[in-house]
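Commentary on secondary and tertiary structure
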Amino acid sequence: MAGGRHSSADSGRSFGFYALSGLVLVAVAATGIVVFKAVQPETCPSVDEFTLAADPSIAPAVSEVLGDVPPEQTDCARIVVEAALPGDIVGRLGKGVDAPDLWIPDSAAWVGKAALTAAGPVATAGGSIATTPVVLASGGGEQFANWLSVLEVPDLAMGNPLSTGTASAPILAALAEHSGGAESVRAALVPHAQSESVRTEDQPVGAKMLTELVSTGKVGVSTEQQVVQFGNPSINATVPATGTMMMDYPLVVSASDPERHYLSAKKADALEVIFKSEASQEVLTRNGFRDASGATPVDGGIGNVTALPAPDQSAADRTLGAWTLMAKPIRTLVAIDVSSSMDFPATGGKNRMQLTTAAALAGNQVFPDSVAAGLWAFSQGMNGTQDYQELVPIRRYDTIVDGVSQRTLMAEQANRLTQLKRGATGLYDTTLAAFRKVQESYDPRAVNSVIVLTDGANEDADSITREQLLDVLAREQDPARPVIIVTIGITDDADAAALADISRVTGGSTYIARDPSEISEVFVNALAHRGA
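Quick caveat: nothing in here was measured; it's all calculated off a predicted structure.

In the structure shown here, the tally under the stated rule is 1 disulfide. Here Cys 44 connects covalently by a disulfide to Cys 76, the sulfurs 2.1 Å from one another. Linking Cys 44 and Cys 76, the disulfide has an S-S dihedral of approximately -85° and is accordingly described as left-handed. Here Cys 76 lies in the loop between α3 (59–67) and β4 (77–83) and Cys 44 lies in the loop between β2 (33–38) and β3 (48–54), a separation of 32 residues in the sequence. Taking the relative accessible area as the measure of exposure, Cys 44 reaches 16% and is therefore buried.

Overall, the coordinates contain 17 salt bridges when judged by the stated rule. For Arg 396, the salt bridge identified is with Asp 398, shortest N-O distance 2.7 Å. For Arg 396, a relative accessible area of 39% gives the class partly exposed. The structure contains a network of salt bridges with shared partners spanning Glu 64, Glu 282 and Arg 286.

Attention now goes to helix α18 (residues 496–506). When we look at burial in α18, the residues that qualify are Ala 498, Leu 499, Asp 501, Ile 502, Ser 503 and Thr 506. Against the buried residues of α18 lie α16 (427–440), β17 (447–454), α17 (466–476), β18 (484–490) and β19 (510–513).

Here we take up the nonpolar core. In terms of nonpolar packing, the biggest core is built from 96 residues, with Leu 52, Ile 58, Ile 104, Ile 129, Leu 271 and Leu 453 touching the most fellow members. In this structure, Tyr 428, Ala 433, Leu 470 and Ala 498 belong to the second largest nonpolar core, which totals 25 residues.

With respect to the element layout, Gln 194 can be found in helix α8 (residues 182–197). For Gln 194, a relative accessible area of 0% corresponds to the buried category. Sequence separation between Gln 194 and Pro 368 is 174 residues, and the spatial gap between their C-alpha atoms is 6.7 Å.

A separate point is the packing of α16 against α18. The contact between α16 and α18 brings their axes to 12 Å, and the two run at 20°. As the angle between them shows, α16 and α18 are arranged roughly parallel. Relative to α18, α16 is oriented so that their crossing is right-handed. Counting all contacts with α16, which are made through Leu 427, Tyr 428, Thr 431 and Phe 435, the residues of α18 involved are Ala 498, Leu 499, Ile 502 and Thr 506. Tallied by class, the residues present in the contact of α16 with α18 amount to 6 nonpolar, 2 polar and no charged.

Cut-offs and rules
- Position numbers for residues count from 1 along each chain, tracking the sequence in the order it is written.
- It should be noted that, the model being predicted, local features are given only for residues of pLDDT at least 70 and side-chain atom pairs only at 80 or more, the latter also being counted only at that level, while totals for whole chains, interfaces and linings use all residues.
- By convention in this description, side-chain values take in all heavy atoms of the structure and omit both hydrogens and water.
- What counts as a disulfide here is a pair of cysteine sulfur atoms lying within 2.5 Å.
- Secondary structure elements follow DSSP: runs of H or I no shorter than four residues count as helices, runs of E no shorter than two count as strands, and numbering proceeds from the N terminus.
- Each residue is assigned to one of three classes by its accessible area relative to the maximum for its type, calculated with a 1.4 Å probe on protein chains only: buried under 20%, partly exposed between the two thresholds, exposed over 50%.
- The salt bridge definition used is simple: a Lys or Arg side-chain nitrogen within 4 Å of an Asp or Glu carboxyl oxygen.
- Here, two residues are considered to be in contact whenever any of their heavy atoms come within 4.5 Å of each other.
- The nonpolar core is taken to be a set of buried Ala, Val, Leu, Ile, Met, Phe, Trp, Tyr and Cys residues, with the residues joined through side-chain atoms within 4.5 Å.
- Lines are fitted to the C-alpha atoms to define the axes, a helix being fitted only along its stretch in contact, and any angle between axes, read from their N-to-C directions, falls within 0 to 180 degrees.
- Here the angle decides the label: under 35 degrees means roughly parallel, over 145 means roughly antiparallel, 65 to 115 means roughly perpendicular, and every other value means oblique.
- Handedness of a helix crossing follows the sense of rotation of the near helix relative to the far helix, less than a right angle counterclockwise being left-handed and clockwise being right-handed.
- Classes in brief: Ala, Val, Leu, Ile, Met, Phe, Trp, Tyr, Cys and Pro nonpolar; Asp, Glu, Lys and Arg charged; the others, Gly included, polar.

Below you can see the structure in the form of structure tokens.
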């Protein structure tokens, strides 16, 4: 152990020995003043290797800072710098295997996340060593009013918020802007999470992402530092009028073993002094970073910015946690009520059926080809003695049937809903049949669900009762193969209590669109919150 080696080397030597050997006498002849200056010992008894994992954006600057630092300044350590995404380091810390001794993530938010699952202690060693504001990068320098409007850009190049702080920043910023508006934020994330789920490779970050933006013309989430380092005048950086989040790069002690953690903390103390030195700050500035305060702009940057506060932690945890669920492929059977009450007038000169059809078509357009969906219509006696009719079986949207894609078939059949037979509402038999249909063809890689849209209560006197339905759903639900039922009531005419019970017993969610014009938004929200 390093401490033992130091203790052994010190034995038998007096304080006076070190007082004399550790001081250099400098005579200033012109004034006759004598100055004594303390100096570091010339060599270390031994030099041990410690690993430091740094976010790829700052790893080159960290390597440059530490490249010429002698081990005497790092508490007799050789620091090996590795570039690694924060999300990957969190995973390694959780396993307790191949965990770095020290860590510089792009955001201090990762420290708390890592501490929840890490095999050993995780603690910051001081303040941030540098900062940079999160920006929107694009060829046109697009301006946005706020971060929620940014998240609503369909082809936004954002990345995976479970991997980088830069990717999670627009989500946290939108939550900070809209206190209590987590529902809208989560709904806006659905298409991004779904797109991320079908990638065969991680979305490019840093310079690779900016290079793609030049060729595609898309808007991407980046940082001032990355845009400055990219140095291509074709890319402009902006921030919404409300402000932005700051990446703050803390120095963290992350060694899992307690003794190793203690030794790493001593090295971190030495590194903190080094990173705060004038020479190190010059290197960081040259690499496009701001100082720890974030107040000092950098050459070629965006100037003064407003830093948004951190959002409510519980809302942030729920929203980022929902990303994992939303990123799983959707596999759903949509059952739409076509009973006679759906012809009742609604808003804008349309009836409830027309607005519900529009909602189904909107959902059909939002989601990527990885989604698997099917469509049923239901009303009493819809198909002989059966209260439901299959219009499209469950298939992935990119499935081609007789030369036509599943997405197109879903749209064609949704447009036919207004032409189908009207009758009473056969809710309970349809719900059970849809649940069993999805369960029969369960896909363990996806979130398997049924989405029921209705404006009424069960009116089929020959169907099972509400109590029987709930009992069967509870008994047939398999924890290893869960199928959730999401219910959407259209106006207050819907049996909200029954719909809530159906969703509750299967672990799903329920929504009421009291104004028919809200149906489309509620439908998208229902998909966003499936099983959440």
